[in-house]
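Structural overview for review
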Amino acid sequence: LYRSVGLYRVPETFIRDFTVRLEPGSGFGRIAASIRIDSPAGKPPAAGEAVLEIPELGVKRRISVIEGAGALTFEAVPELWSPDNPKLYDVVLSYGTDTVRDRIGFREISVSGREILLNGRPVFLKGMSVHEESLIHGKAVTEQERREIIRIAKDLGCTYLRLAHYPHSEAMARLADEAGLMLWEEIPVYWAVDFANPDTYADAENQLSELIVRDRNRASVIIWSVGNENPDTDERLSFMSRLAMKAKELDPTRPVSAACLVNHVKNVIEDRLEAYLDIIGLNEYYGWYDPEFGRLVELFTNSAPEKPVVICEFGAGARAGFHGTKDELFTEECQKYVYELQIGTIRRIPYVRGMSPWILYDFRCPRRFNRYQEGYNRKGLLAVDMNTKKLAYDVLRVFYRGMK
């Protein structure tokens, strides 16, 4: 165990799950609430009334519960949550002797053509990818370290973080709610999983379902991702398309994406999974793994997606303090040059509506054992201490802070 464990004492009949959110397409003027009640085994499903309160909005509504579930929509005009204004409301829901409380932001996230819309307005997702990893504490990241990640992201000018490549702690989403950072959350369906194995699919669907149920009240979470970097095969298409449809079934209010969409042979953004996604995720390392940077320009020229594209990953390795020419691998100058090339190209592509370079800070990686990496992935803009900035840090900071 590397996360906190808590025990909750609940009544025999208790609130198992609930959602409170803006009703999509309501003009930001209606709130939708749902509740699910758990009754003791052998007893009939709960029937009665739940009470929903949002004191700051003057809301007190009764929700009819029939066979253990209830739902309600009603008019209300909350102040909208956004990175510029991360407004949260105290929400109280009661049924019988059980009461739950939460702090919830109200906002609408949607896709229209090639645009990502937050509260009806186009946004560019200015982001970074992050791992749940600490030099001192390993996977047992502390609240102080999470707050430091958010502080650094805000200093960079980020409005968005990609939480890769697995469900991070619920605490991160709650802190992002408070700080006004949008989040991409995903499950660990990457590389060569056994797509033909029904047990593998059951595991993936379970992880996705638990993640969505856990975080669908978090205003910060704007994208569910069903996977990362896997090849286009029939088995994979069946596997991941079912995951995408499951995400939409559990939560039709958020876009679904996946970071795995590029045909390297044709050098074009192309993948059969795209038909099931709302946002096209793209990992590309032109200027690093593929030294021919001109292929990125060619990729964008060859491609004509009808949906928004988010560059989920790009980057280059650099050992902090190691200096040389821009053509010398693992120098800070090389990483800086790759960022300059990437930003100079990406900023001109109208269908690219966000990016989350790889990665905020260096992290342990047992696959990386050359003389520059020594057991670490060195693509961080910060060294593993989360303090030492590399030259590329300021390149991205200037770009993000200069965007309107």
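**Quick notes on the side chain of Lys126**
With respect to the helices and strands, the residue Lys126 is situated in strand S11 (residues 125-130). Buried Lys126, no salt bridge; nearest opposite-charge side chain is Asp84, N-O distance 7.6 Å. Within the structure, Lys126 has its side chain in polar contact with the backbone oxygen of Tyr400 (distance 3.2 Å). For Lys126, the residues in contact, after removing those within four places along its chain, are Gly157, Cys158, Thr159, Tyr160, Met355, Tyr400 and Met403.

**Considering the packing of aromatic side chains**
Here a ring pair, both rings aromatic, is described through the centre-centre distance and the interplanar angle of the planes. Applying the stated rule across the entire model yields 13 aromatic pairs. When the ring of Trp288 is compared with that of Phe330, the centres are 5.2 Å apart and the planes differ by 85°; the resulting orientation is edge-to-face. Residue Trp288 is found in the loop between strand S16 (280-283) and helix H5 (294-302), and its partner Phe330 is found in the loop between strand S17 (309-313) and helix H6 (332-346); the two are separated by 42 residues along the sequence. Centroid distance Phe399 to Tyr400: 5.7 Å. Interplanar angle 35°. Geometry classified as tilted. Summarising the burial analysis for this pair, Phe399 and Tyr400 share the class buried. The cationic tip of Arg242 hangs over the ring face of Tyr201; the distance from NZ or CZ to the ring centre is 4.0 Å.

**Digging into the environment of Tyr361**
Residue position: Tyr361 is located in the loop between strand S18 (352-355) and strand S19 (363-364). Residues Tyr361 and Ser129 lie 232 residues apart in sequence; the distance between their C-alpha atoms is 9.1 Å. Excluding residues that lie within four positions of it along the chain, Tyr361 makes contacts with His131, Glu133, Ile149, Gly380, Leu381, Leu382, Ala383 and Met386. A distance of 2.6 Å separates a polar atom in the side chain of Tyr361 from the backbone oxygen of Glu133.

**Here we look at the sheet that holds strand S8 (residues 109-112)**
Within the open sheet, the three strands sit side by side as S8-S9-S10. Their pairing is antiparallel. The open sheet has two free edges, formed respectively by S8 and strand S10 (121-122), since each of these has just one partner strand. With two bridges connecting them, strand S9 (residues 115-118) and S10 associate as antiparallel partners. In the strand pairing of S10, Leu117 is matched with Pro122.

**Examining the nonpolar core**
Within the largest apolar cluster, 70 residues are counted, with the highest numbers of intra-cluster contacts made by Leu161, Met355 and Leu396. Beyond its immediate chain neighbours, meaning those up to four positions away, Leu161 contacts Met128, Val130, Ile149, Ala153, Met172, Leu181, Met182, Leu183 and Trp184.

**Some thoughts on the packing of helix H1 (residues 143-156) against helix H2 (residues 170-179)**
Remark: H1 packs on H2, axes separated minimally by 10 Å, with the N-to-C direction vectors making an angle of 40°. Classed by the angle they form, the pair H1 and H2 counts as oblique. H2 is crossed by H1, and the crossing has right-handed handedness. Together, Glu143, Arg146, Arg147, Ile149, Ile150 and Lys154 of H1 and Ala171, Met172, Leu175, Ala176, Glu178 and Ala179 of H2 make up the contact between the two elements.

**Regarding empty space enclosed by the protein**
One pass over the full model with this rule turns up one cavity of 30 Å³ or more. Its boundaries defined by the atoms lining it, the largest cavity holds a volume of some 60 Å³. Lining the largest cavity are Val130, His131, Glu132, Glu133, Val141, Arg146, Ile149, Leu163, His168, Met172 and Tyr361. For the lining of the largest cavity, a count of residues per class yields six nonpolar, two polar and three charged.

**Concerning the packing of helix H3 (residues 198-215) against helix H4 (residues 234-250)**
The contact between H3 and H4 brings their axes to 10 Å, and the two run at 25°. With respect to H4, the element H3 is oriented roughly parallel. Note that H3 runs across H4; the crossing there is right-handed. Contacts between H3 and H4 pair Thr200, Tyr201, Ala204, Glu205, Leu208, Ser209 and Ile212 from the former with Phe239, Arg242, Leu243, Lys246, Ala247 and Leu250 from the latter.

Each value, and the rule that gives it
Residues numbered from 1 in each chain as written. Predicted model: local features only at pLDDT ≥ 70, side-chain atom pairs only at ≥ 80, totals over all residues. Heavy atoms only, no water. Helix = DSSP H or I, 4+ residues; strand = E, 2+ residues; numbered from the N terminus. Buried < 20%, exposed > 50% of the residue type's maximum accessible area, 1.4 Å probe, protein only. Lys, Arg positive; Asp, Glu negative; His and termini not counted. Salt bridge = Lys/Arg side-chain N within 4 Å of Asp/Glu carboxyl O. Polar contact = N/O pair within 3.5 Å; in protein donor to acceptor, adjacent residues only side chain to side chain. Contact = heavy atoms within 4.5 Å. Phe/Tyr/Trp six-rings, centres within 6.5 Å; stacked < 30°, edge-to-face > 60°. Lys NZ or Arg CZ within 6 Å of the ring centre and 35° of its normal. Pairing = 2+ DSSP bridges. Core = buried A, V, L, I, M, F, W, Y, C linked by side-chain atoms within 4.5 Å. Axes fitted to C-alpha atoms, helices over the stretch in contact; angles between N-to-C directions. Parallel < 35°, antiparallel > 145°, perpendicular 65-115°, else oblique. Left-handed = near helix turned anticlockwise from the far one by under 90°. 1 Å grid on protein atoms, 1.4 Å probe; cavity = no way out; pocket = protein on both sides within 12 Å on 5 of 7 lines; lining within 4 Å. Points joined across faces, edges and corners; volume = space filled by probe spheres on them. Nonpolar A, V, L, I, M, F, W, Y, C, P; charged D, E, K, R; others polar.

By themselves these figures say nothing about function.
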